[in-house]
Amino acid sequence: ARFGTQVKLFSRSGVIMNKEDPEAASIVKKKMEQDGCVFVSASIKSATQIGSSIRIVFDEKDGTEVTEDFDEVLLSAGRVANVEGLNLEAAGVKLTDRKLIKVNDNLQTDNPNIYATGDCCLKEQFTHMAGTAAVLVADNANKSKNRKYSDFVIP
C-alpha cells in the first residue's frame with residue numbers, strides 16, 4: 001500500500017496475527033490501515049481468472065455476496081500438519097484436537113520410543129523453532145541430555 005497499490009486483506013475472523021499478542025496485532029493492523037490497507041471480514045466463495053483480472057466472490061460478515069475484480073491475489077492459507085496416512089495409531093502415537101502429534105515437554109510422544117518436532121507437533125510453527133526443537137529431540141533420544149521444550153525462550 002505504501003507504493004500506491006490498493007491492498008485489501010480478507011479474513012474470515014476479522015483478526016490478523018491471531019497467534020500473537022492481541023495488543024501487538026492491533027498496533028500492526030492500525031499502522032497498516034494508516035498506510036492504506038483495507039481489512040475485510042468475509043468468507044471467500046470463489047476465485048476465477050477473467051482475462052487479466054482475478055474475480056473474487058465473497059460473503060461479507062452480514063451475508064451480503066460481493067464480487068470484485070483484482071489485478072493480483074496472494075493467498076495465505078496457514079499451515080496444517082501432514083500426518084494422515086502415517087498409521088500413527090498403530091505405533092501408539094496420539095493426536096491433539098488440532099490434529100497435531102501429541103508430545104510431552106521432552107517432545108516425546110505417547111510411545112516413549114518416538115519423538116516429534118516441527119510443524120507436526122509444535123504450537124509455534126516457525127523454522128527456527130523446529131530446528132532448535134530438533135536438537136532437543138536428538139539430545140533426548142540419545143539420552144545425552146534431558147532437555148525440556150518449556151525451558152526455551154521464544155523470541
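Before any of the text, the structure's been laid out above.
Residues numbered from 1 in each chain as written. Predicted model: local features only at pLDDT ≥ 70, side-chain atom pairs only at ≥ 80, totals over all residues. Heavy atoms only, no water.

S.K.: What exactly am I supposed to notice about the packing of aromatic side chains here?
M.R.: For any two aromatic rings, the description comes down to two numbers: the centre-to-centre distance and the angle of the planes. Summed over the entire model, instances satisfying the criterion amount to 3 aromatic pairs. Pairing F10 with F70 gives two aromatic rings, centres 6.1 Å apart and planes at 80°, and the pair type is edge-to-face. Placement of F10 in strand β1 (residues 8-11) and of F70 in strand β4 (residues 65-70) is noted, with a sequence separation of 60 residues between them. For F10, a relative accessible area of 27% corresponds to the partly exposed category. (Phe/Tyr/Trp six-rings, centres within 6.5 Å; stacked < 30°, edge-to-face > 60°. Helix = DSSP H or I, 4+ residues; strand = E, 2+ residues; numbered from the N terminus. Buried < 20%, exposed > 50% of the residue type's maximum accessible area, 1.4 Å probe, protein only.)

S.K.: Is there a simple way to think about the pairing of β4 in this case?
M.R.: The two faces of the sheet receive side chains in turn, since in a regular strand these alternate between them. Bridge count between strand β3 (residues 53-60) and β4: 6 bridges; the pairing is antiparallel. Counterpart to F58 in the pairing with β4 is V66. Between β3 and β4, which follow one another and run antiparallel, lie 4 residues, and G63 among them has a positive phi close to 95°. (Pairing = 2+ DSSP bridges.)

S.K.: For this particular structure, what's the right way to read the side chain of T109?
M.R.: Looking at the element boundaries, T109 is found in the loop between β4 and α2 (127-141). A distance of 2.9 Å separates a polar atom in the side chain of T109 from the backbone oxygen of N111. With sequence-adjacent residues up to four places away left out, T109 is seen in contact with V93, I101, K102, V103, I114, Y115 and A116. (Polar contact = N/O pair within 3.5 Å; in protein donor to acceptor, adjacent residues only side chain to side chain. Contact = heavy atoms within 4.5 Å.)

S.K.: Would you explain the sheet that holds β3 in this entry?
M.R.: The strands that make up a sheet are held in pairs by hydrogen bonds between backbone atoms, and each pair lies either parallel or antiparallel. Within the open sheet, the 4 strands sit side by side as β1-β2-β3-β4. Their pairing is mixed. Lying at the two open borders of the sheet, with one neighbouring strand each, are β1 and β4. On average, each strand axis in the sheet is tilted by 50° relative to the strand beside it, whichever way the strands run. (Axes fitted to C-alpha atoms, helices over the stretch in contact; angles between N-to-C directions.)

S.K.: I would appreciate a short explanation of α2 in the present structure.
M.R.: Side chains three or four residues apart in an α-helix point the same way, a direct result of the helix having 3.6 residues per turn. With 15 residues, α2 should cover 21 Å at 1.5 Å per step; its first-to-last C-alpha distance of 21 Å lies within 8% of that length. Taken together, the buried positions of α2 are M129, A130, A133, L136, V137, D139 and N140. One or two residues past the end of α2 sits K143, with phi positive at roughly 60°. (Expected span 1.5 Å × (residues − 1).)

S.K.: How do you make sense of the pattern of salt bridges when you look at a structure like this?
M.R.: Where side chains of opposite charge bring their charged atoms close, a pairing between them can arise. On inspection of all chains with the given rule, the structure shows 7 salt bridges. A salt bridge links R55 to D69; the nearest nitrogen and oxygen atoms lie 2.7 Å apart. With a gap of 14 residues between them, R55 in strand β3 and D69 in strand β4 connect regions that are remote in the sequence. The partner of R147 in a salt bridge is D139, with the nearest N and O atoms 2.9 Å apart. Given a relative accessible area of 25%, R147 falls into the partly exposed group. Several salt bridges converge on common partners, so that one network encompasses K45, D59 and E65. (Salt bridge = Lys/Arg side-chain N within 4 Å of Asp/Glu carboxyl O.)

S.K.: Hey, could you run me through the side chain of N140 in this one?
M.R.: Here N140 lies in helix α2. N140 gets classed as buried once you look at its relative accessible area, which sits at 4%. Among residues more than four places away in sequence, those in contact with N140 are N106, Y115, K145, N146 and R147.

S.K.: Teacher, can you tell me more about the state of the cysteines here?
M.R.: Here, the word disulfide means a covalent bond between the sulfur atoms of two cysteines. Scanning the entire structure with this criterion turns up 0 disulfides. The thiol of C120 is unpaired, and the distance to the nearest cysteine sulfur, on C121, comes to 4.5 Å. (Disulfide = S-S within 2.5 Å.)

S.K.: Teacher, can you tell me more about the environment of I56 here?
M.R.: Tracing the chain through its elements places I56 in strand β3. In sequence terms I56 and D69 are 13 residues apart; their C-alpha atoms lie 6.2 Å from each other. Every residue in contact with I56, bar those within four places of it in the chain, is listed here: I44, S46, A47, V66, T67, E68, F70 and V73.

Everything listed here is a matter of coordinates, which is why it stays silent on function.
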